[in-house]
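Given next are the chains, with one letter for each unit.
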2 protein chains.
Amino acid sequence: MPVASIEFFWDPVSPYTYLASTQLPSLAREAGVALVYRPFFLGGVMQATGNRPPATVASKGRYMMADLQMWARAYKVPLTPPETFPAKTILALRAGLVTEQQGDGERYAQAIMRAYWGQGRDISDPAVVSAVLSELGLDAPAILALTEQDAIKAALKANTEEAVARGAFGAPSLFVGEQLFWGNDRLDLLRRYLDEQAA
Amino acid sequence: MPVASIEFFWDPVSPYTYLASTQLPSLAREAGVALVYRPFFLGGVMQATGNRPPATVASKGRYMMADLQMWARAYKVPLTPPETFPAKTILALRAGLVTEQQGDGERYAQAIMRAYWGQGRDISDPAVVSAVLSELGLDAPAILALTEQDAIKAALKANTEEAVARGAFGAPSLFVGEQLFWGNDRLDLLRRYLDEQAA
């Protein structure tokens, strides 16, 4: 059975989601499938499932910092831990839904994740979200105004609830049909799964 | 600086530790380093660090079952989820320390992990631990008697406390010097790290 797409549920607050975002476009291209960007609110996922952020365990938090740097070196991508962590990402996520509607979803999703984890910028700040949009040549004031629409707010909530209903409990959550792949460290299994489906 | 060894802190209760155990001998051999088996009690690590088993989050537990099967297929190793989970592994771990002293540590560690996750046998049961030892041609009654020594009990406690003090919070915990690698899904980063150290 041919596979149409990878659904990529992302929240820029998650460093492993940033790491995955640097690899997924080429992974999807090489597998010949679409990559569908779906913003979701990780805080809501954690609350709904009872999952907890890694740094809740102190030694896991310390390990994670070294681990992130090892992944970044392996991928040859920048990693600059932001001073503001965790950032409030609701505005950044709503802008993801607006840009998606306008056909700029991928460029924006990539840029906002890179701004936070690649450059360490504080994406809690609306001025930073605005700057990221402007740097892409997009109409930042118009997009930020559209994030206030009830339909956009509802769409973010709906994406989050849908991901939880389908079995997500963390980020990144990658779905191929109903098969979940959780985490940057599952990209090899995802690649293998797509190969098997194509065979 | 040449690297002497990978210290492999293992508890057979952990399925990802079993998966890693199927890959680590060849990984270490190819990297030209020793693989040192160090039994530790994962329950004690969880209690000391405040970490929780994955299945504490229901959807994570469900995902884990599919995930384990995908890893087993990728590695071409058997995976038979045991009916008794989590097993009590204190006796199996103490036998790990005794066999290590007798020069049979690796064969036993490999066999007890395979018995639990590869074959689904109940390693809580002393008769099963005994059978695994016998299948290796070892003197099971003598080894089980030696597990009652205070020095063996203390050594298991010491391994567990040492791992926690060095930053471990789960299993498998793999140390190269003081650099921790946590999880079956970090074997690629471990391989890369060993290559860099050797260069």
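Residues numbered from 1 in each chain as written. Chains lettered and ligands numbered in written order. Predicted model: local features only at pLDDT ≥ 70, side-chain atom pairs only at ≥ 80, totals over all residues. Heavy atoms only, no water.

*Asks:* I keep staring at the overall build of chain A and nothing clicks. Help me out?
*Replies:* Secondary structure summary: chain A contains ten helices and four strands in total. Ordered by position in the sequence, the α and β elements of chain A form the string β-α-α-β-α-α-α-α-α-α-α-β-β-α. Relative to the compact-globule value of 16 Å for 199 residues, chain A shows a C-alpha radius of gyration of 16 Å, a close match. Oriented by its inertia axes, the alpha-carbon framework of chain A measures out at about 45 × 40 × 35 Å. Considering chain A as a whole, with its 199 residues, one finds that 55% of them fall into the buried category. The contacts of chain A with a sequence gap of at least 6 include a subset with a gap of at least 24, amounting to 74%. Accessible surface computed for chain A: about 8500 Å², of which carbon and sulfur atoms make up 54%. (Helix = DSSP H or I, 4+ residues; strand = E, 2+ residues; numbered from the N terminus. Rg over C-alpha atoms; globule rule 2.2 N^0.38 Å. Buried < 20%, exposed > 50% of the residue type's maximum accessible area, 1.4 Å probe, protein only. Contact = heavy atoms within 4.5 Å. Areas by Shrake-Rupley, 256 points an atom, 1.4 Å probe, with all protein chains shown as cover.)

*Asks:* Even after reading the chapter, I still don't get helix 5 (residues 105-118) of chain B, so can you show me in this structure?
*Replies:* Every α-helical turn comprises 3.6 residues, leaving residues that sit three or four positions apart pointing alike. Residues and elements named next belong to chain B. Across its 14 residues, helix 5 extends 19 Å between first and last C-alpha, which sits within 8% of the 20 Å expected from 1.5 Å per residue. Of all 14 residues making up helix 5, eleven are buried, and the element is well covered by its neighbours. Regarding helix 5, the residues found buried are Gly-105, Tyr-108, Ala-109, Gln-110, Ala-111, Ile-112, Met-113, Ala-115, Tyr-116, Trp-117 and Gly-118. Tucked into the core, helix 5 has its buried residues touching strand 1 (5-10), helix 1 (15-31), strand 2 (34-39), helix 4 (90-101) and helix 6 (126-135). Phi for Gly-120, located one or two positions after helix 5, is positive at around 70°. (Expected span 1.5 Å × (residues − 1).)

*Asks:* Looking at this structure, I do not really get the interface of chain A and chain B. What am I missing?
*Replies:* The figure often quoted for interface size is the accessible area lost as the parts come together. Taken together, the 29 residues of chain A in the interface contact 29 residues of chain B. Across the interface of chain A and chain B, roughly 2500 Å² is buried in total on both sides, 56% from carbon and sulfur atoms. The partner of Arg186(B) in a salt bridge is Asp185(A), and the shortest N-O contact between them spans 2.8 Å. On the surface where chain A and chain B come into contact, there are ten residue pairs in polar contact (both at pLDDT 80 or more). Contributing elements (two or more residues each) for the side of chain A that touches chain B: helix 4 (58-75), strand 4 (179-182) and helix 10 (187-198) of chain A. With nine residues, helix 4 of chain A is the largest single contributor of residues to the side of chain A that touches chain B. The residue makeup of the side of chain A that touches chain B, split by class, is 14 nonpolar, six polar and nine charged. (Buried area = accessible area lost by both parts, 1.4 Å probe. Salt bridge = Lys/Arg side-chain N within 4 Å of Asp/Glu carboxyl O. Polar contact = N/O pair within 3.5 Å; in protein donor to acceptor, adjacent residues only side chain to side chain. Nonpolar A, V, L, I, M, F, W, Y, C, P; charged D, E, K, R; others polar.)

*Asks:* When you look at the UniProt feature "active site" (unreviewed entry) in chain A in this model, what are you seeing that I'm missing?
*Replies:* In this structure's numbering, the residues bearing the UniProt feature "active site" (unreviewed entry) are Ser14(A). Within the element layout of this structure, Ser14(A) appears in the loop between strand 1 (5-10) and helix 1 (15-21). (UniProt positions renumbered as here; feature names shortened; annotations may be inferred.)

*Asks:* Which parts of the structure should I look at to understand the packing of helix 2 (residues 24-31) of chain A against helix 10 of chain A?
*Replies:* Helix packing for two helices is described by the angle between their axes and how far apart those axes are. Residues and elements named next belong to chain A. At a minimum axis distance of 10 Å, the contact between helix 2 and helix 10 shows a crossing angle of 15°. Relative to helix 10, helix 2 is oriented roughly parallel. Between helix 2 and helix 10 lies a crossing whose hand is right-handed. Across the interface between the two elements, Leu-24, Leu-27 and Ala-31 from helix 2 touch Leu-187, Leu-190, Arg-191 and Leu-194 from helix 10. Class assignment for the residues of the contact of helix 2 with helix 10 results in six nonpolar, no polar and one charged. (Axes fitted to C-alpha atoms, helices over the stretch in contact; angles between N-to-C directions. Parallel < 35°, antiparallel > 145°, perpendicular 65-115°, else oblique. Left-handed = near helix turned anticlockwise from the far one by under 90°.)

*Asks:* What exactly am I supposed to notice about the side chain of Ser14(A) here?
*Replies:* Ser14(A) sits in the buried class, given a relative accessible area of 6%. Residues within four places of Ser14(A) in sequence aside, it is in contact with Leu42(A), Trp117(A), Ala171(A) and Pro172(A).

*Asks:* What am I meant to see in the pairing of strand 4 of chain A here?
*Replies:* Side chains on a regular strand alternate between the two faces of the sheet. Residue and element names in this part refer to chain A. Inspection of the sheet shows strand 3 (residues 173-176) paired to strand 4 by four bridges, in the antiparallel sense. Following the sheet pairing, Val-176 is matched in strand 4 by Gln-179. Counting the residues in the hairpin turn of strand 3 and strand 4 gives two residues, including Gly-177, whose phi is positive at 60°. (Pairing = 2+ DSSP bridges.)

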